[in-house]
Amino acid sequence: MFKSFYTKVFVNYWNPYVAVGLAGVLSAFYFALTGTVWAVTGEFTRFGGHLLQFFGVDISDWAYFNLVTMNGTTFTRTDGWIIIGMFAGALITVLLGKNFKIRVPQQKRRLVQAFIGGLIAGFGARLALGCNLAAFFTGIPQFSFHSWIFMVTTGIGTYLGVKVINTTWWRGKPNLQRKKPTLSKAVPKQAKNSNIQVYLGISVAFIFAIILVSYVANGKALLAAAALFGAGFGILIERGQICFTSAFRDLWVSGRATMTKALAVGVGISVILTFIFLQSGMEAVIKPAAPSTFIGGLLFGLGIVLAGSCETGWMYRAMEGQVLFWVVGLGNITGATILAYAWDHLGFYSVLTEGWPKLNLIEAWGPYQALFGTMAMLAAWFFLSNWWEKHYRYGKGLTVPEKDTYIVKPAVKQ
């Protein structure tokens with residue numbers, strides 16, 4: 001009984017609709033508790049600012065760092081503990097599922113490509129004032145119109161990204177090596193996976209719990225709550241393998257739309273809950289609907305495909321031991337920091353953002369019109385994705401049998 005439960009929770013990946021739906025619930029209640037949204041790249045930007053300060057760079061007059069505020073450190077900010085919690089939650093479930101393994105890509109060029117993609121995505125995310133979370137997953141439930149611009153342009157950017165990664169110069173030459181035969185007997189998978197990972201997972205969970213209790217005991221309950229929510233998000237993105245890159249990229253590569261539809265459902269759940277909280281008097285988090293949103297979405301979509309992962313995707317994959325995605329994260333921080341410089345030093349704000357309105361759909365349309373209009377657009381997104389999957393799965397006009405299997409007829413000799 002326990003073994004079956006353990007396998008379902010920690011070994012088998014969760015149904016994406018369940019995982020994304022729970023993420024939608026969690027993000028809405030996080031907003032209700034803190035008045036802020038689930039986001040990550042803002043803290044990545046601050047981390048880049050702290051690195052500049054460490055090397056003696058004076059960033060006190062950088063407008064973007066003043067915009068995101070540099071007060072305190074990662075350990076004294078709720079946004080910082082959200083990220084720490086996400087890493088911890090993902091790592092705990094990875095270890096309990098015995099899925100941790102250091103993996104380095106065979107083609108070293110992939111490390112360079114991952115950094116470039118991460119840099120472009122980080123730059124684009126901060127140009128749009130949010131990544132796939134704040135400018136999309138948690139932005140749409142805030143009824144901020146800029147999120148719809150970001151979502152559409154991210155989709156276009158991923159399409160362009162697929163075109164790039166399919167080129168020969170990007171893929172490089174395949175590494176074909178003849179594998180030497182071995183006479184050794186195959187070792188069962190269970191024998192290879194030592195229970196040490198399980199013990200480490202329990203240890204990490206125990207240490208994390210101690211930190212939470214100590215924070216509450218010392219009057220830092222809000223930081224503890226942020227860490228706990230972060231751990232919940234980390235568990236969900238790892239167990240559900242929630243990656244916005246695959247949600248968009250798979251549409252153009254194979255026609256698969258499972259994650260795309262799951263995101264529509266998860267956002268819809270969050271919309272309803274957030275609407276209730278907003279109607280109770282909470283203030284929505286609204287960002288400008290500007291050219292910077294459009295360009296930022298395009299760059300973000302392009303970057304995540306080149307990198308092979310979005311912000312949530314690289315975080316849980318890094319916890320699985322995939323070195324490639326640590327490089328993506330480094331690229332994200334670098335790109336966000338470059339944008340912080342370009343914001344005022346190169347005039348990006350004055351050209352692309354300044355003067356453009358913050359459009360709140362509730363104020364523009366009315367409360368219930370905004371709710372029903374948003375849900376209708378999400379429903380259209382869901383059914384359009386479903387239609388696309390049926391008609392373009394593995395090729396235009398191809399009908400796929402159940403369970404995504406092909407019935408291959410033997411070749412007829414002429």
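Structural data are supplied above this passage.
Residues numbered from 1 in each chain as written. Predicted model: local features only at pLDDT ≥ 70, side-chain atom pairs only at ≥ 80, totals over all residues. Heavy atoms only, no water.

Quick look at the environment of Val-265 now. Its place among the elements puts Val-265 in helix H14 (residues 258-279). Between the C-alpha atom of Val-265 and that of Tyr-17, which follows or precedes it by 248 residues, the distance is 7.1 Å. Contact partners of Val-265, with chain neighbours within four places excluded, come to Tyr-17 and Phe-382. (Helix = DSSP H or I, 4+ residues; strand = E, 2+ residues; numbered from the N terminus. Contact = heavy atoms within 4.5 Å.)

Of all hydrophobic cores here, the largest spans 87 residues; its most connected members are Trp-38, Phe-137 and Phe-143. Excluding residues within four positions of it along the chain, Trp-38 makes contact with Ala-23, Ser-27, Tyr-30, Ile-82, Met-86, Leu-133, Ala-134, Phe-137, Thr-138, Phe-233, Ile-237 and Thr-312. Listed in part, the 13 residues of the second largest apolar core include Tyr-64, Met-70, Phe-123 and Leu-352. (Core = buried A, V, L, I, M, F, W, Y, C linked by side-chain atoms within 4.5 Å. Buried < 20%, exposed > 50% of the residue type's maximum accessible area, 1.4 Å probe, protein only.)

Before going further, it helps to examine a nonpolar patch on the surface. Together, Phe-47, Leu-51, Phe-54, Phe-55 and Val-57 give the surface a local cluster of nonpolar side chains, amounting to about 540 Å² of exposed area. Mapped onto the secondary structure, Leu-51 falls in helix H3 (residues 41-54). A residue is classified by how much of its surface remains accessible, and Leu-51, at 37% relative accessible area, is partly exposed. (Patch = residues over 30% accessible without salt bridge, like charges linked within 9 Å, V, L, I, M, F, W, Y side chains within 5 Å. Areas by Shrake-Rupley, 256 points an atom, 1.4 Å probe, with all protein chains shown as cover. Salt bridge = Lys/Arg side-chain N within 4 Å of Asp/Glu carboxyl O.)

In the contact formed by helix H6 (residues 109-127) and helix H15 (residues 291-307), the axes pass within 7 Å of each other and the chain directions differ by 160°. Between H6 and H15, the angle falls in the class roughly antiparallel. Seen along the crossing, H6 lies across H15 with a hand that is left-handed. Taken together, the residues of H15 that come into contact with H6 (itself represented by Arg-110, Gln-113, Ala-114, Gly-117, Gly-118, Ile-120, Ala-121, Phe-123, Gly-124, Ala-125 and Leu-127) are Ser-292, Ile-295, Gly-296, Leu-299, Phe-300, Gly-303, Ile-304, Leu-306 and Ala-307. Its residues assigned to classes, the contact of H6 with H15 comprises 12 nonpolar, 7 polar and 1 charged. (Axes fitted to C-alpha atoms, helices over the stretch in contact; angles between N-to-C directions. Parallel < 35°, antiparallel > 145°, perpendicular 65-115°, else oblique. Left-handed = near helix turned anticlockwise from the far one by under 90°. Nonpolar A, V, L, I, M, F, W, Y, C, P; charged D, E, K, R; others polar.)

All right, on to the packing of helix H8 (residues 146-165) against helix H13 (residues 244-253) then. In the contact formed by H8 and H13, the axes pass within 9 Å of each other and the chain directions differ by 50°. By the angle between their axes, H8 is oblique relative to H13. Seen along the crossing, H8 lies across H13 with a hand that is right-handed. Along its contact with H8, which presents Met-151, Thr-154, Gly-155, Thr-158, Tyr-159 and Val-162, the element H13 presents Phe-248, Arg-249, Trp-252 and Val-253.

So, on to the pattern of salt bridges. Pairing is possible between side chains that carry opposite charge, provided their charged atoms lie close to one another. Taken as a whole and judged by the stated rule, the model has 6 salt bridges. One salt bridge in this structure joins Glu-43 and Arg-46, with 2.8 Å as the shortest N-O distance. One end of the pair is Glu-43 and the other is Arg-46, both in helix H3 and 3 residues apart, which spans about a single turn. Classification of Glu-43 as buried rests on a relative accessible area of 3%.

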